[in-house]
Amino acid sequence: MNAEGLSADLVLSGGGVLGIAHVGVVSVLEEHGYRFERIAGTSAGSIVGSLLAAGMPSPRLGEIMRSLDYPSFLDKDKLDRIPLLGPPLSVVLENGYSEGRRFAEWLGRELAELGVTTFGDLRLRDDGAGGRVERRWRLVVTAADVTRGQFVRLPWDYERYGLDPDEQPVVDAVRASISVPYLFEPARLRHPDGESLLVDGGLITNYPIDVFDRRDGRRPRRPTFGAIVVPRLPAEGPRLGVPGLRAARRLPPLRFLEALVATALIGRDQGHLAQPWVRARSIEVDNLGVNPFDFSISPEVVDRLYESGRRAATEFLAGWSFPDYIARYRQPGAA
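The rules behind the values
Residues numbered from 1 in each chain as written. Predicted model: local features only at pLDDT ≥ 70, side-chain atom pairs only at ≥ 80, totals over all residues. Heavy atoms only, no water. Patch = residues over 30% accessible without salt bridge, like charges linked within 9 Å, V, L, I, M, F, W, Y side chains within 5 Å. Areas by Shrake-Rupley, 256 points an atom, 1.4 Å probe, with all protein chains shown as cover. Salt bridge = Lys/Arg side-chain N within 4 Å of Asp/Glu carboxyl O. Helix = DSSP H or I, 4+ residues; strand = E, 2+ residues; numbered from the N terminus. Buried < 20%, exposed > 50% of the residue type's maximum accessible area, 1.4 Å probe, protein only. Contact = heavy atoms within 4.5 Å. Expected span 1.5 Å × (residues − 1). Arc of directions from axis to C-beta. Core = buried A, V, L, I, M, F, W, Y, C linked by side-chain atoms within 4.5 Å.

Caption draft 1: Looking closely at a nonpolar patch on the surface. The grouping of Val146, Leu203 and Ile204 at the surface amounts to a nonpolar patch, some 220 Å² of accessible area in total. By the element assignment, Leu203 lies in the loop between strand 8 (194-200) and strand 9 (224-228). On the basis of relative accessible area, Leu203 is assigned to the partly exposed category, the value being 35%.

What follows is the structure in structure tokens.
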């Protein structure tokens, strides 16, 4: 099979600190000769996806993700200096525990070293797709606009805000996509009509596997692989592992809010994966019982998650056939 025959589109789910597993998945796909034409990501998937789209090799990406100081991304604001009451006040008054500034500075530096600042740096050539918006850029990240109450795909939807997509910073879109409600303050998108607050796209869909699907009924040019690494919801649900909020979690309203966030970001995917046409192209990674919001994750656990991603991708490719997928799910009258 030639190199063109091994091109694919890639969709990466959210998953907090579990994002290192995506790098394990990508490393195996690349070893089997796949190259990614377009990449979509939500939350953690948008971080990995942005660096891949900018041209970072997966071995280098693995090194970076292993060496990250995850707790440093939970930068606090002035309210957190107030003992006990600081963290819940930050959540109530500023809609989030962390500012996300350190994360944005880190990702901005990494992208700049790869020659990427704005989405204009990630333009695709038009290969006869009729100028459709999904063919213009190598990367799309998802977010939820809680001001307008809608799902947004960036850079595709910047024009709806009266903004030039090519001029928008990639890091701003990713910062919006990682804004887990309650954990990070919402990202602010300023536009001619005012300002919108953007949060984690997982609030609406944590795994946008169909984002690149053709809508004209014609056969896809290449496969779309999805990688999803989220926990099965236990009875109590995963907890947002933020040290400063442990005491505040004893308050019933905050416990309930935490459960709502976890269910919104994770629970919907369980039903989504039950659809056979979704599962057929999904690489499901065992999260090893790791809390996606545990920012104190150890290097040993990071390595285990990376290897879990590699195992899942290896097992998936052993049974993958693009012609079989087309015959079963993309022909007229298919299931």
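Caption draft 2: Inspection of the pattern of salt bridges at higher detail. Counting across every chain of the model gives 16 salt bridges. For Arg60, the salt bridge identified is with Glu63, shortest N-O distance 3.3 Å. You can see Arg60 and its partner Glu63 sitting in helix 3 (residues 58-67), three residues apart, about one turn around the helix. Taking the relative accessible area as the measure of exposure, Arg60 reaches 40% and is therefore partly exposed. In this structure, the salt-bridge partner of Glu159 is Arg136, at a minimum N-O distance of 3.7 Å. Of this pair, Glu159 sits in the loop between strand 5 (150-154) and helix 6 (170-177) while Arg136 sits in the loop between helix 5 (101-113) and strand 4 (139-145); the two residues are 23 residues apart in sequence, bridging distant segments of the chain. Among the residues examined, Arg136 registers a relative accessible area of 25% and is labelled partly exposed.

Caption draft 3: Broad picture of the environment of Leu198. With respect to the helices and strands, Leu198 occurs in strand 8. Placed 49 residues apart in sequence, Leu198 and Gly149 show a C-alpha to C-alpha distance of 9.7 Å. Apart from residues no more than four positions distant in its own chain, Leu198 is found in contact with Ala143, Ala144, Asp145, Leu154, Tyr161, Ala176, Ser179, Pro186, Ala187 and Leu189.

Caption draft 4: Spatial organisation of helix 5. Helix length check: helix 5 (13 residues) gives 19 Å between terminal C-alpha atoms against 18 Å at 1.5 Å per residue, within 8%. Residues Phe103, Trp106, Leu107, Glu110 and Leu111 constitute the buried set of helix 5. Taken around the axis of helix 5, the buried residues stretch over an arc of 125°, which confines them to a single face. Those residues of helix 5 that are buried lie in contact with helix 2 (44-53), helix 3 and helix 6.

Caption draft 5: Spotlight on the nonpolar core. Within the largest apolar cluster, 92 residues are counted, with the highest numbers of intra-cluster contacts made by Leu10, Leu29, Tyr34 and Trp106. Residue contributions to this core peak at eight residues, all from helix 9 (residues 299-318).

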